[in-house]
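Residue-level structural notes
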Amino acid sequence: MSNEIVAMVLAGGHGTRLKDLTDELAKPAVHYGGKYRLIDFPLSNCSNSGIDIVGVLTQYEPFILNTYVGHGSPWDLDRRDGGIFVLPPYVDEEGRNWYRGTANAIYHNIRFIDEFDPEHVLILSGDHIYKMDYSKMLKFHKEKAADATISVIEVPWEEASRFGILNTDENYKIKEFEEKPEDPSSNLASMGIYMFRWEPLKKYLIKDEQNEESSNDFGNDVLPMMMKDKKRLFAYPFEGYWKDVGTVESFWEANMDLLEDDSELNLDDPGWHVYSRNPNLPPHFISPEAEVINSLVNEGCVVEGKIENSLLYYGVSVGEGSEIVDSVILPGVKIGKNVKIKKAVIGEKTVIQDGIEISCQNGEKIVLIGNEEEISVNVL
Amino acid sequence: MENMMGIINVDREQNFLDELTYFRCGAAVPFLGRYRLVDFILSNMVNAGIFEIALFVRNKYRSLFDHLGEGKEWNLDRKVGGLFILPPDWHDPSDVSVGDLRHFHNNIDFFHRGRAEYVLHAGSQHICNINFEKALDKHVRNNADITLIYKNVDEIQEEHQPCHRLEIENDRVTDIYSGGDNKNIYMDMFIIDKGLLMDLVNYCIAHRKDYFFGDAIMARINDFNVQGYEYKGFHGVINSIRSYYKNSMRILKKENYNSLFHEDTLILTKVKDEVPTKYHRESKVINSLVANGCSIKGKVENSIVFRQVEIEEGVEISNSIIMQRDKIGKNAVLNNVILDKEVEVSRETTLVGGKEQPFVAAKRASI
């Protein structure tokens, strides 16, 4: 059966710079925003854009990610025809196994994609935070009769050299593609979202695989090759909130962004739900002694202390006399009495004993406490 | 617990919550921030591993169907067993059954098809977090024909008055009656052997009886080995607006919250994918139960706030129950109030109900 489009979500990344947050956890499974994991964003975008065949390519520490994705029902992707498919690396007849790069990961799954015989394939990252209607991108891609369309966003000029930068003509046709240029000539950055016509992409993936010099990466190898062959490559301009949380600092910032009164991401949009697997916990309880100021609090929390400019994920408890300021408290954290926490990220299910103080002395750096720890001495 | 099947019989639970039950049956009434009354009995059954569950409904069940769907959130979307919502669409020309016996007669296939040896029969008005596995263990161990589940309350309250009471001697139930000082409140839950249930259904129909519990169990208490099983956790009976309000407020005591909501036996409900609740700078919330998806800019005290509620600046809410998607305009003052879903309270409005008899606004009211 032929289909218009198949989405492939690259979800094998490690996210080393997130340190303990990706301890035994793939980056797309990192928590965000009080109740989500990063992969909820591409999956919800697919669901809301009407894309119902989604492959999720896993590799690094896949267990939590696999169980989280499951058969896709939280994102309404449990479909009879299509739906969600977790695609781990496998050993083929020639003994190849691990995914070696983004293009190689898709190359390994050519048979999966062919099974659905799609016109187009959408390549997504599993760890970016944004809301995007891919159906509009598909319309653009078809109108331009593009072989490949790359979603781009304007970034500040001073940061442009961190990204893949595109130069286009007035019709958004790509003239030049530079991966992390020292001296960028444009500030249109690739968001790592690629839409291809499947027929040419398949050919280029096979060709790229035959080149032993190639790093098998879309940005470094496949797109430059298509450019060289004068294929029709277009840039699709995206406006709105988009974030790749690469470091503990940017993870903390992205969470704090949600406390802004008119947060650009606006997760509370009835027309564009971001779905997640829900632990179905009771409403949270705010005790007579508690105080909650400018914060987000999720279900299952029991708050008896003071919470200011902070996010409490689900199932967190905060004892009497404790003060949590400018902090991100991940699911199931148990905070005792008279604890002081300032500008910190506290990992999942960690227990913090009574009277502990956690903050950075100069107040600039974010303190990160890992998952499932037991904190019985001050962290200063 | 594959050996037990569940019946949630809400046939007689009609119209007891005034405005809240104008357009829905009691089992579908919203409760405690994100639940409906039926969630408690249904989750208790599922937590005990019961996966063949039928609901006997009589009328006003649209919102109940909408809420339960095929039972996915309760893990009841099964190939074998699952959730069976059985409305009264009955066409057997030879049917002579009356009262709630009609449900049993017309859905007899549900019992025959089920593989379980025991049936747990319950209503939805007794709010608790109970371990039915232990109750069945005791039923089997004591060779009981029927086990009635009860709560020994500290004090008889107004809402206990209409409940059946159990006279118990050495675990054996010797009498069932209403009223008086007896503190053993029957929780409208019993376990019975399936074969005996079928026999008693036939007996009731043959004698033109119309109320299974009254005619087959109460009236024949001495014909069978009827045992009692005492439940010890949080218990609230919802049979009037006053008891609905009182038991909602009781959950604001931490020990009650912890007793009803513990992690290993969660009360499950339909998931709505709401964002966490936003407490704005100017908000002040104390001693309250708050669900997800709310935006709070005003003051909330001793109250229960359901999902997706918007509370504007200067609002003062106390001792109130604010249901899903309500919008409370600037500087409104609400005290002792129950607002059903989707109510809009315009700015500067003051609503004050009685301390024990709250003011109730019906669904979608504009005030």
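Just so we're clear, the structure is a prediction, and the values are computed from it rather than from any experiment.

Calculation rules
Residues numbered from 1 in each chain as written. Chains lettered and ligands numbered in written order. Predicted model: local features only at pLDDT ≥ 70, side-chain atom pairs only at ≥ 80, totals over all residues. Heavy atoms only, no water. Helix = DSSP H or I, 4+ residues; strand = E, 2+ residues; numbered from the N terminus. Rg over C-alpha atoms; globule rule 2.2 N^0.38 Å. Buried < 20%, exposed > 50% of the residue type's maximum accessible area, 1.4 Å probe, protein only. Contact = heavy atoms within 4.5 Å. Areas by Shrake-Rupley, 256 points an atom, 1.4 Å probe, with all protein chains shown as cover. Lys, Arg positive; Asp, Glu negative; His and termini not counted. Charge placed at Lys NZ, Arg CZ, Asp CG, Glu CD. Disulfide = S-S within 2.5 Å. Axes fitted to C-alpha atoms, helices over the stretch in contact; angles between N-to-C directions. Parallel < 35°, antiparallel > 145°, perpendicular 65-115°, else oblique. Left-handed = near helix turned anticlockwise from the far one by under 90°. Pairing = 2+ DSSP bridges. pLDDT = per-residue confidence, 0-100. Salt bridge = Lys/Arg side-chain N within 4 Å of Asp/Glu carboxyl O. Domains from an automatic or database assignment. Buried area = accessible area lost by both parts, 1.4 Å probe. Polar contact = N/O pair within 3.5 Å; in protein donor to acceptor, adjacent residues only side chain to side chain. Core = buried A, V, L, I, M, F, W, Y, C linked by side-chain atoms within 4.5 Å. Expected span 1.5 Å × (residues − 1).

Within chain A, the regular secondary structure consists of eight helices and 29 strands. Since a compact globule built from 380 residues should have a radius of gyration of about 21 Å, the 22 Å found for chain A is in line with a globular shape. Referenced to the eigenvectors of the C-alpha coordinate spread, the extents of chain A come out at roughly 65 × 45 × 40 Å. A burial count over chain A gives 60% of its 380 residues as buried. Of the contacts made within chain A by residues no fewer than 6 positions apart, 56% connect residues no fewer than 24 positions apart. Only carbon and sulfur atoms are counted for the fraction: they give 44% of the accessible area of chain A, which is about 15900 Å². Counting 37 positive and 65 negative side-chain charges, chain A places the averaged centre of each group 4 Å from the other.

With that out of the way, let us pick up the state of the cysteines. Residues and elements named next belong to chain B. Inspection of every chain in the model, using the stated rule, returns zero disulfides over all chains. Its sulfur unpaired, cysteine 163 is 13 Å from the next cysteine sulfur, which belongs to cysteine 128. A relative accessible area of 9% means that cysteine 163 is categorised as buried.

Our next topic: the packing of helix 6 (residues 198–210) of chain A against helix 7 (residues 218–228) of chain A. All names here are of chain A. Packing of helix 6 against helix 7 leaves a shortest axis separation of 10 Å and a crossing angle of 120 degrees. One way to sum up the angle between helix 6 and helix 7 is to call them oblique. As helix 6 runs across helix 7, the sense of the crossing is right-handed. Between helix 6 and helix 7, the contacting residues are Leu201, Tyr204, Leu205, Lys207 and Asp208 on the first element and Phe218, Asp221, Val222, Met225 and Met226 on the second.

Residues and elements named next belong to chain B. Here strand 9 (residues 164–169) pairs with strand 10 (residues 172–178) via six bridges, running antiparallel. Directly across from arginine 165, in strand 10, lies its bridge partner tyrosine 177. Hairpin connection between strand 9 and strand 10: a loop of two residues separates the two successive antiparallel strands, and asparagine 170 in this loop has a positive phi of roughly 45 degrees.

Turning our attention to the confidence of the model for chain A. The predicted model of chain A averages 92 in pLDDT, with 99% of residues at 70 or higher. Between the elements of chain A, mean pLDDT differs from a low of 86, seen in strand 10 (residues 174–179) of chain A, to a high of 98, seen in strand 20 (residues 317–318) of chain A.

Residues and elements named next belong to chain A. In the structure shown here, the tally under the stated rule is 32 salt bridges over all chains. The salt bridge involving aspartate 52 is made with arginine 79; its shortest N-O contact spans 3.3 Å. Pair noted here: aspartate 52 is in the loop between helix 1 (40–48) and strand 4 (53–57) and arginine 79 is in the loop between helix 2 (63–69) and strand 5 (83–87), with a separation of 27 residues, a long-range link. With a relative accessible area of 26%, aspartate 52 lands in the partly exposed category.

Another point: the environment of Asp154(B). All names here are of chain B. By the element assignment, aspartate 154 lies in the loop between strand 8 (146–152) and strand 9. For aspartate 154, a relative accessible area of 74% puts it in the exposed group. With 152 residues separating them in the primary sequence, aspartate 154 and phenylalanine 306 have C-alpha atoms 30 Å apart.

A few words now on the domain arrangement of chain B. Residues and elements named next belong to chain B. Examined at the domain level, chain B breaks down into domain 1 (4–261) and domain 2 (278–361). Here the C-alpha centre of domain 2 lies 32 Å away from the C-alpha centre of domain 1. In this complex, domain 1 contributes 19 residues to the contact, which on the side of domain 2 involves 23 residues. Contact between domain 1 and domain 2 buries roughly 1900 Å² in total, counting both sides, with carbon and sulfur atoms accounting for 64%.

Bringing the interface of chain B and chain A into the picture now. Contact residues are listed per partner, giving 36 residues for chain B and 41 residues for chain A. Counting across the interface, chain B meets chain A through four salt bridges. Among the ionic pairs, Glu304(A) bridges to Lys254(B), the shortest N-O distance being 3.0 Å. Linking chain B to chain A there are 22 residue pairs in polar contact (both at pLDDT 80 or more). Secondary-structure elements contributing two or more residues to the side of chain B that touches chain A are helix 9 (254–260), strand 14 (277–279), strand 15 (284–286) and strand 16 (288–290) of chain B. Two strands pair when backbone bridges link them, and strand 16 (residues 295–297) of chain A and strand 14 of chain B are joined in this way by three bridges, in the antiparallel orientation. The partner of Leu296(A) across the bridge, within strand 14 of chain B, is Lys278(B).

Another aspect to go through is the sheet that holds strand 25 (residues 337–339) of chain B. Across the sheet, which stays open at both edges, the 11 strands sit in the order 29(A)-26(A)-23(A)-20(A)-17(A)-14(A)-16(B)-19(B)-22(B)-25(B)-28(B) with mixed pairing between neighbours. Looking at the sheet topology across the chains shown, the edges are occupied by strand 29 (374–375) of chain A together with strand 28 (359–361) of chain B. Pairing between strand 14 (residues 284–286) of chain A and strand 17 (residues 302–303) of chain A: two bridges, direction parallel. Counted as the bridge partner of Phe285(A) is Val302(A) from strand 17 of chain A.

A few words now on the sheet that holds strand 24 (residues 340–342) of chain A. Residues and elements named next belong to chain A. In space, the five strands of this open sheet follow the order 15-18-21-24-27, with parallel pairing throughout. If you trace the sheet from one side to the other, it starts and ends with strand 15 (291–293) and strand 27 (357–358), each paired once. The pairing of strand 21 (residues 323–325) with strand 24 spans three bridges and is parallel. If you follow isoleucine 324 over to strand 24, its bridge partner there is isoleucine 341.

Let us now look at unusual backbone geometry. The residue Asp117(A) is not glycine, and still its phi comes out positive at about 45 degrees. Mapping Asp117(A) onto the fold places it in the loop between helix 4 (110–116) and strand 6 (118–125). Residue classification places Asp117(A) among the partly exposed positions, given a relative accessible area of 45%. Of note, the phi angle at Asp188(B) is positive, near 60 degrees, even though the residue is not glycine. Along the chain, Asp188(B) falls in strand 11 (residues 184–193).

Residues and elements named next belong to chain A. Secondary-structure assignment places valine 155 in the loop between strand 8 (148–154) and strand 9 (164–168). Between the C-alpha atom of valine 155 and that of lysine 349, which follows or precedes it by 194 residues, the distance is 36 Å. Those residues in contact with valine 155 that lie beyond four places of it in its chain are Ala160, Phe163, Asn187 and Ala189.

Moving on to the nonpolar core. The biggest cluster of nonpolar side chains holds 70 residues, and the ones touching the most others in it are Val54(A), Leu122(A) and Phe251(A). Here the element with the most residues in this core is helix 8 (residues 248–257) of chain A; it accounts for five residues. Beyond its immediate chain neighbours, meaning those up to four positions away, Phe251(A) contacts Leu18(A), Leu21(A), Val30(A), His31(A), Val245(A), Tyr313(A), Val328(A), Leu330(A) and Val345(A). By size, the runner-up hydrophobic cluster in this structure holds 45 residues, among which are Ile375(A), Val285(B), Cys294(B) and Val343(B).

This brings us to the pairing of strand 4 (residues 52–56) of chain B. Residues and elements named next belong to chain B. Buried residues dominate strand 4, accounting for five of its five residues. Across the two faces of strand 4 the burial is the same, with Glu52, Ala54 and Phe56 and Ile53 and Leu55 all buried. Pairing of strand 1 (residues 4–9) with strand 4 involves four bridges; the strand directions are parallel. Residue pairing for strand 4: isoleucine 8 is matched across the bridge by leucine 55. By the bridge criterion, five bridges tie strand 4 to strand 5 (residues 82–86) in an arrangement that is parallel.

Our focus in this paragraph is helix 6 of chain A. Residues and elements named next belong to chain A. The terminal C-alpha atoms of helix 6, which comprises 13 residues, lie 18 Å apart, in line with the 18 Å expected from a rise of 1.5 Å per residue. Turning to helix 6, its buried residues number three or more, namely Trp198, Pro200, Leu201, Tyr204, Leu205, Asp208 and Glu209. Lining the buried residues of helix 6 we find helix 3 (102–107), helix 4, strand 6, strand 11 (188–197) and helix 7.

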